[in-house]
Amino acid sequence: RKEVEQDPGPFNVPEGATVAFNCTYSNSASQSFFWYRQDCRKEPKLLMSVYSSGNEDGRFTAQLNRASQYISLLIRDSKLSDSATYLCVVNKADSNYQLIWGAGTKLIIKP
Amino acid sequence: DAGVIQSPRHEVTEMGQEVTLRCKLISGHNSLFWYRQTMMRGLELLIYFNNNVPIDDSGMPEDRFSAKMPNASFSTLKIQPSEPRDSAVYFCASTLIPGIKGGYGYTFGSGTRLTVV
């Protein structure tokens with residue numbers, strides 16, 4: 001089993017719709033969680049950290065479920081510019097600064 | 001505030017040649033990570049440094065790869081001799097400990113797209 005698993009997609013979603021991704025992680029001792037966004041032929045960029053209580057940043061909402069060991073990302077009112085690959089990232093449990101990367105979920109927003 | 005700066009952006013080289021990739025960290029960051037990304041394998045951690053000291057190089061594919069951090073702001077990744085299977089995008093990223101615990105994550109450079117023919 002991979003340490004971080006994501007549905008690779010692609011998710012084809014009409015503009016304006018709401019879309020959600022889930023990601024599961026294997027090590028219950030992980031403490032830090034992130035969503036990164038990667039555009040085609042670009043570097044990954046931090047989208048948002050995921051906190052235990054859940055957090056929201058504009059149209060983006062991240063949730064953490066420790067009991068089931070998954071994190072989620074919800075995008076409301078999707079825009080064409082949201083088209084990208086979304087990477088789920090979890091810290092390596094015995095490390096303060098090493099991250100484990102999911103393979104990414106590809107999102108395509110269609111007009 | 002300058003981000004992580006990598007050079008060159010693109011490199012095309014012949015098999016057997018030496019390749020040197022360069023990375024300048026964000027000022028004040030004390031950890032540097034070299035990653036390789038391919039379609040097949042995704043992002044793979046090659047090596048990381050903390051305060052200029054290599055902490056874990058278990059991801060370095062083989063002896064042909066070496067990395068150095070001669071000072072707090074600069075690192076190189078060298079491949080000698082290069083092979084076609086080394087073709088990938090190489091990213092470096094930096095963070096400030098305890099950046100991850102503080103929710104800061106990593107900041108990536110724009111990457112070097114390496115093609116070995």
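Just above sits the structure.
How each quantity is defined
Residues numbered from 1 in each chain as written. Chains lettered and ligands numbered in written order. Predicted model: local features only at pLDDT ≥ 70, side-chain atom pairs only at ≥ 80, totals over all residues. Heavy atoms only, no water. Pairing = 2+ DSSP bridges. Helix = DSSP H or I, 4+ residues; strand = E, 2+ residues; numbered from the N terminus. Axes fitted to C-alpha atoms, helices over the stretch in contact; angles between N-to-C directions. Disulfide = S-S within 2.5 Å. Contact = heavy atoms within 4.5 Å. Buried area = accessible area lost by both parts, 1.4 Å probe. Salt bridge = Lys/Arg side-chain N within 4 Å of Asp/Glu carboxyl O. Polar contact = N/O pair within 3.5 Å; in protein donor to acceptor, adjacent residues only side chain to side chain.

A.B. asks: Which parts of the structure should I look at to understand the sheet that holds strand S8 (residues 70–75) of chain A?
C.D. replies: Sheet strands line up and pair through hydrogen bonds in the backbone, either parallel or antiparallel. Residues and elements named next belong to chain A. The strand order across the open sheet built from 5 strands is S1-S3-S8-S7-S6, with neighbouring strands paired in antiparallel fashion. Each having just a single partner strand, strand S1 (4–6) and strand S6 (55–57) make up the two edges of the open sheet. Averaged over all pairs of adjacent strands, the angle between their axes in this sheet comes to 20°, without regard to strand direction. Here 3 bridges tie S1 to strand S3 (residues 19–25), and the two strands are oriented antiparallel to one another. Bridge pairing in S3 links Gln-6 to Cys-23.

A.B. asks: Sorry, what's going on with the state of the cysteines here?
C.D. replies: As used in these notes, a disulfide is a covalent bond between sulfur atoms, one from each of two cysteines. Residues and elements named next belong to chain A. A full pass over the atoms with the stated rule returns 2 disulfides over all chains. Across a sulfur-sulfur distance of 1.9 Å, Cys-23 and Cys-88 are joined as a disulfide pair. The sign of the -70° torsion about the S-S bond sets the Cys-23-Cys-88 disulfide as left-handed. One end of the pair, Cys-23, is in strand S3; the other, Cys-88, is in strand S9 (residues 84–91), and 65 residues separate them in sequence.

A.B. asks: Honestly, the interface of chain A and chain B in this entry has me stumped. Any pointers?
C.D. replies: One widely used convention gives an interface's size as the accessible area the parts lose upon coming together. Listed by partner, the interface residues are 19 residues for chain A and 21 residues for chain B. Carbon and sulfur atoms make up 56% of the surface buried where chain A meets chain B, a total of about 1,800 Å² over both sides. On the surface where chain A and chain B come into contact, there are 0 salt bridges. For the interface between chain A and chain B, the tally reads 4 residue pairs in polar contact (both at pLDDT 80 or more). Taken together, the elements giving at least two residues each to the side of chain A that touches chain B come down to strand S4 (33–38), strand S5 (44–50), S9 and strand S10 (99–101) of chain A.

A.B. asks: How should I be thinking about the pattern of salt bridges in this particular structure?
C.D. replies: Residue and element names in this part refer to chain B. This model, assessed by the stated rule, comprises 12 salt bridges over all chains. In this structure, the salt-bridge partner of Arg-36 is Glu-44, at a minimum N-O distance of 3.3 Å. When the shortest N-O distance is used, the salt bridge between Arg-64 and Asp-86 registers 2.6 Å. Here Arg-64 is found in the loop between strand S6 (53–56) and strand S7 (65–71), whereas its partner Asp-86 is found in the loop between strand S8 (74–79) and strand S9 (88–95), with 22 residues between them in sequence.

A.B. asks: Any chance you could explain the environment of Ala67(B) here in plain terms?
C.D. replies: Residues and elements named next belong to chain B. Tracing the backbone shows Ala-67 in strand S7. A sequence separation of 12 residues divides Ala-67 from Ile-79, and the C-alpha atoms of the two residues are 8.9 Å apart. Discounting residues that sit within four places of it in the chain, Ala-67 has contacts with Trp-34, Ile-47, Phe-49, Met-60, Thr-76 and Leu-77.

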